[in-house]
Amino acid sequence: MKPLLTSDNHTNDFNRWFYVPLTENLQRTKLTGFKLFDHTYLVYQTSSNCVVVSDSICPHRQAPLNLVGKLEGELLHCPEHDYYFDTNGKG
């Protein structure tokens with residue numbers, strides 16, 4: 001899973017800016033889902049304050065991470081098959 005944007009590496013797969021939930025409205029270590037063009041994305045802030053925007057679908061079995069995912073420190077955890085992803089989307 002590749003994050004669309006992280007505050008650590010400033011990776012951006014979009015060629016324009018779009019509104020996403022504001023950082024001050026995020027609850028640290030809580031996953032927040034939002035819709036953009038009929039697709040659900042995740043935005044979250046890790047325990048070290050890294051803000052990540054990524055796809056909400058687990059690449060393994062398409063589990064909706066905005067509903068079943070958990071943040072564990074710096075890692076996004078998909079409990080369906082015990083997969084973990086770092087802030088760069090590497091599992």
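What counts, and where the lines are drawn
- Residues numbered from 1 in each chain as written.
- Predicted model: local features only at pLDDT ≥ 70, side-chain atom pairs only at ≥ 80, totals over all residues.
- Heavy atoms only, no water.
- Pairing = 2+ DSSP bridges.
- Helix = DSSP H or I, 4+ residues; strand = E, 2+ residues; numbered from the N terminus.
- Axes fitted to C-alpha atoms, helices over the stretch in contact; angles between N-to-C directions.
- Disulfide = S-S within 2.5 Å.
- Buried < 20%, exposed > 50% of the residue type's maximum accessible area, 1.4 Å probe, protein only.

Caption draft 1: View of the sheet that holds strand β6 (residues 75-78). On the basis of which strands lie adjacent, the open sheet formed by three strands has the order β5-β6-β7 and antiparallel pairing. The open sheet has two free edges, formed respectively by β5 (70-72) and β7 (83-85), since each of these has just one partner strand. Across the sheet, the axes of successive neighbouring strands diverge by a mean angle of 35°, strand direction being ignored. Bridge count for β6 against β7 is three bridges, and the pairing is antiparallel. Counted as the bridge partner of L76 is F85 from β7.

Caption draft 2: Quick look at the state of the cysteines. Applying the stated criterion across every chain, the model contains zero disulfides. With no disulfide partner, C58 has as its closest neighbouring cysteine sulfur the one in C78, 3.8 Å distant. Judged by its relative accessible area of 2%, C58 falls in the buried class.

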